[in-house]
Amino acid sequence: MAEVVGIRFKEVGKVYFFSPGAAKLEKGVRVIVETSRGLECGEVVLENHEVTEEEIVQPLKEIVRLATPDDIRRCEANRAKERDAFSICEKKIEAHKLDMKLVDVEYTFDSSKILFYFTADGRVDFRELVKDLAGVFHTRIELRQIGVRDESKMIGGLGMCGRPFCCSTFLRDFHPVSIKMAKEQGLSLNPVKISGTCGRLMCCLKYEQSAYEHLLRITPKPGAVVDTAEGRGTVVENSLLTGRLKVRLDRYQDAAPRIFNREDVKIVRDAKIAVQPEEIEAFKSLE
């Protein structure tokens with residue numbers, strides 16, 4: 001076991017472990033740490049605690065020092081310079097007639113490097129742009145192409161639910177989302193209804209999937225044969241969240257389906273939720 005603190009460099013960024021040394025750090029404290037990019041100013045989001053060696057990316061680096069008022073002022077000054085750099089870079093992209101969209105600009109703590117994040121449909125030859133930017137800022141320039149999900153995380157916005165994007169508020173990392181998840185959760189396979197603003201399948205399909213998997217284990221699926229208090233029948237519709245089932249009874253085939261709770265029926269033969277190859281192909285671009 002090793003004692004660590006969790007440091008985050010962006011508001012909803014990934015949490016990295018560092019050794020606190022002999023210090024006891026509280027949540028919200030700003031610190032200076034050594035990273036692969038050089039010195040960076042981060043915020044403590046996880047106080048001193050122990051983790052297993054397997055959870056640590058070696059080598060585990062120690063915190064350099066607590067951030068001073070001067071360090072915090074430098075961070076604020078960098079944020080102001082990032083806004084200016086964004087405007088300049090956009091004009092340079094237009095001048096070079098490059099098919100790319102600038103998303104964000106980030107200065108390192110010591111201003112030794114500027115990172116420009118952009119999206120593009122394919123590969124972009126930005127070598128001349130880098131030279132041009134280096135001549136303006138007189139420091140190291142790095143351009144990074146990112147995906148549409150990363151763009152949404154950086155920019156933020158409101159989802160179809162009316163709430164801020166999950167990726168820009170609390171999701172630290174992106175995980176694969178599949179069309180199978182949408183089907184198992186009983187959603188209409190309509191691209192407008194199951195994709196986020198980024199144009200990919202909604203992230204909530206992934207982090208809600210474990211709850212739906214549990215409900216699928218205890219709820220008869222459409223097509224399942226069940227025994228009820230009124231006789232045997234076939235499930236024609238279910239609601240995973242409420243547990244209510246519409247069952248067409250064998251002895252009343254021409255009547256409307258009866259409604260039962262899942263606790264009140266016994267599964268004789270369950271059904272399966274299958275995703276057809278043509279469905280996978282049709283929604284492949286959303287995954």
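Our structure is the block above this text.
From a predicted model like this one, the values you see are computed outputs, not experimental measurements.

Student: Please give an account of the sheet that holds strand S8 (residues 140–145) that cites residues and values.
Tutor: What the 3 strands build is an open sheet, ordered S6-S7-S8; its pairing is mixed. Of all the strands in the sheet, just strand S6 (101–107) and S8 have a single pairing partner and so form its edges. Pairwise comparison of adjacent strand axes, ignoring direction, gives a mean angle of 20° for this sheet. In terms of strand pairing, strand S7 (residues 113–119) meets S8 through 6 bridges, oriented parallel. Residue pairing across strands places Phe-116 opposite Leu-143, the latter belonging to S8. Each of S6 and S7 is contacted by helix H1 (residues 69–95), which is oriented at about 145° to S6, the strand it contacts most. Each of S6 and S7 touches helix H3 (residues 148–155); the most contacted strand, S6, lies at about 60° to it.

Student: Break down the pattern of salt bridges for me, with residues and values.
Tutor: If you walk through the whole model with that rule in mind, you get 18 salt bridges. Its salt-bridge partner being Glu-142, residue Arg-144 comes within 2.5 Å of it at the nearest N-O pair. Using a relative accessible area of 31% as the deciding quantity, one classes Arg-144 as partly exposed. According to the relative accessible area criterion, Glu-142 is partly exposed, its value standing at 22%. Taking the shortest distance from any N to any O, the salt bridge between Glu-230 and Arg-258 comes out at 2.3 Å. Of the two residues, Glu-230 sits in the loop between strand S9 (225–228) and strand S10 (231–238) while Arg-258 sits in strand S12 (residues 258–261), which places them 28 residues apart along the sequence. Each member of the salt-bridge network shares a partner with another, and the members are Lys-113, Glu-142 and Arg-144.

Student: Any chance you could break down the environment of Met-100 for me, citing the residues and the numbers?
Tutor: Its place among the elements puts Met-100 in the loop between H1 and S6. C-alpha of Met-100 to C-alpha of Ile-88: the two residues are 12 residues apart in sequence and 15 Å apart in space. Excluding its chain neighbours within four sequence positions, the residues that come into contact with Met-100 are Ile-93, Phe-118, Thr-119, Ala-120, Val-124, Leu-129 and Leu-143.

Student: Just give me the short version of the sheet that holds strand S3 (residues 30–35), but keep the residues and values in it.
Tutor: Ordered by their spatial adjacency, 5 strands build an open sheet running S2-S1-S4-S3-S5, and the pairing between neighbours is antiparallel. The sheet terminates laterally at strand S2 (15–18) and strand S5 (63–66), the two strands that pair on one side only. Averaged over neighbouring strand pairs, the angle between their axes works out to 45° when direction is ignored. Sheet topology places S3 next to strand S4 (residues 38–51); 6 bridges connect them, and they run antiparallel. The partner of Val-33 across the bridge, within S4, is Glu-40. Running at roughly 75° to S3, H1 makes contact with S3, S4 and S5 of the sheet.

Student: Talk me through unusual backbone geometry; I want residue IDs and the actual numbers.
Tutor: Between Gln-58 and Pro-59 the backbone carries a cis peptide bond, its omega angle lying at -5°. Tracing the chain through its elements places Pro-59 in the loop between S4 and S5. Despite not being glycine, Lys-97 has its phi angle at roughly 55°, a positive value. As for its placement among the helices and strands, Lys-97 is situated in the loop between H1 and S6.

Rules used in this analysis
Residues numbered from 1 in each chain as written. Predicted model: local features only at pLDDT ≥ 70, side-chain atom pairs only at ≥ 80, totals over all residues. Heavy atoms only, no water. Pairing = 2+ DSSP bridges. Helix = DSSP H or I, 4+ residues; strand = E, 2+ residues; numbered from the N terminus. Axes fitted to C-alpha atoms, helices over the stretch in contact; angles between N-to-C directions. Contact = heavy atoms within 4.5 Å. Salt bridge = Lys/Arg side-chain N within 4 Å of Asp/Glu carboxyl O. Buried < 20%, exposed > 50% of the residue type's maximum accessible area, 1.4 Å probe, protein only.

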